[in-house]
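Read off the chains here:
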Amino acid sequence: RENLEMGGYTRPAGEIAASLDQVFEQFPRLKERQRQISGTLSGGEQQMLAMGRALMSKPKLLMLDEPTSGVARKEGYGLMDLAVKLAKERGMTVMFIEHDMDIIFNYSQNISVLDHGTLLATGTPQEIRENEAVQRSYLGGAV
């Protein structure tokens with residue numbers, strides 16, 4: 001709970017309780033575990049906590065670094081489904097850094113592919129799938 005409250009520290013004090021209720025509505029598991037020390041949460045619960053803490057500040061841009069890392073595949077897809085839903089409901093942009101190509105292709109509108117810090121390609125999922133340099137470097141040849 002303290003981690004979530006810290007996410008809203010820049011917001012007026014009167015808005016924190018309502019934001020906390022919204023996060024608990026989105027992540028009922030966090031509500032169940034609100035008194036638990038964050039370091040003892042599972043990998044998926046820690047990812048939910050990180051996303052919930054970020055949402056407490058009511059961002060216009062939500063940046064997620066490896067949101068599916070350390071979580072079961074089904075749980076990872078669930079987190080991404082929630083991110084897309086929240087983006088639509090709150091009118092915010094979600095940018096994520098991810099290595100899982102299935103997640104990238106299923107949840108992205110625009111993709112930028114970096115290779116050792118250099119921009120290799122940018123485009124729609126279809127354009128990226130068809131890009132020969134991306135195929136060689138990341139997709140194991142032709143897709």
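The following paragraphs examine the structure supplied in this document.

Basis of the calculations
- Residues take numbers from 1 onward in each chain, read along the sequence in its written order.
- The predicted origin of the model limits local features to residues at a pLDDT of at least 70 and limits the giving and counting of side-chain atom pairs to 80 or more, whereas totals for whole chains, interfaces and linings rest on all residues.
- Hydrogen atoms and water are omitted, and side-chain values are computed over all heavy atoms in the structure.
- Helix and strand assignments come from DSSP, with helices taken as H or I runs of at least 4 residues and strands as E runs of at least 2, each series counted from the N terminus.
- Classification of residues uses two cut-offs on accessible area relative to the type maximum, computed with a 1.4 Å probe and protein chains only: under 20% is buried, over 50% is exposed, and between them is partly exposed.
- Working rule for contacts: check all heavy atoms of both residues, and any pair within 4.5 Å makes them a contact.
- Each accessible area is a Shrake-Rupley estimate made with a 1.4 Å probe; only the visible protein chains count as cover when residues are assessed.
- In this charge count, Lys and Arg are treated as positive and Asp and Glu as negative; neither His nor the chain ends contribute.
- Lysine's charge is taken at NZ, arginine's at CZ, aspartate's at CG and glutamate's at CD.
- Only strands joined by at least two bridges in the DSSP assignment are considered to pair.
- Looking down the strands as they point away from you, a crossover is right-handed if its path from the first strand over the helix to the second goes clockwise.
- To estimate how far a helix should extend, the number of its residues minus one is multiplied by 1.5 Å.

### Overview of the overall build of the chain
- A tally of regular secondary structure across the chain gives eight helices and four strands.
- Along the first, second and third principal axes, the C-alpha atoms of the chain reach 50 × 30 × 25 Å.
- When each of the 143 residues of the chain is scored for burial, the buried share is 39%.
- A separation of at least 24 residues holds for 49% of the contacts in the chain among residues at least 6 apart in sequence.
- Accessible area of the chain: about 8800 Å², with a carbon and sulfur share of 50%.
- Of the charged side chains in the chain, 16 are positive and 19 negative; the average position of the first set lies 7 Å away from that of the second.

### A word on the pairing of strand β2 (residues 93-97)
- The pairing of strand β1 (residues 61-65) with β2 spans five bridges and is classified as parallel. Along β2, the bridge assignment pairs Met-63 with Met-95.
- As for the winding sense of the linkage, the β-α-β connection from β1 through helix α5 (residues 73-90) to β2 is right-handed.

### Let's talk about helix α4 (residues 43-55)
- Taking 1.5 Å per residue, 13 residues should reach 18 Å; α4 reaches 18 Å between its end C-alpha atoms and fits that length.
- Along α4, the positions that sit buried rather than exposed are Gly-44, Glu-45, Gln-47, Met-48, Leu-49, Met-51, Gly-52 and Leu-55.
- Packed against the buried residues of α4 are α1 (2-7), α2 (13-26), α3 (28-32), β1 and α5.

### Focus on the pairing of strand β4 (residues 118-123)
- By the bridge criterion, five bridges tie strand β3 (residues 111-115) to β4 in an arrangement that is antiparallel. Residue pairing across strands places Ile-111 opposite Gly-123, the latter belonging to β4.
- Counted between consecutive antiparallel strands, the loop separating β3 from β4 contains two residues, among which His-116 sits at a positive phi close to 55 degrees.

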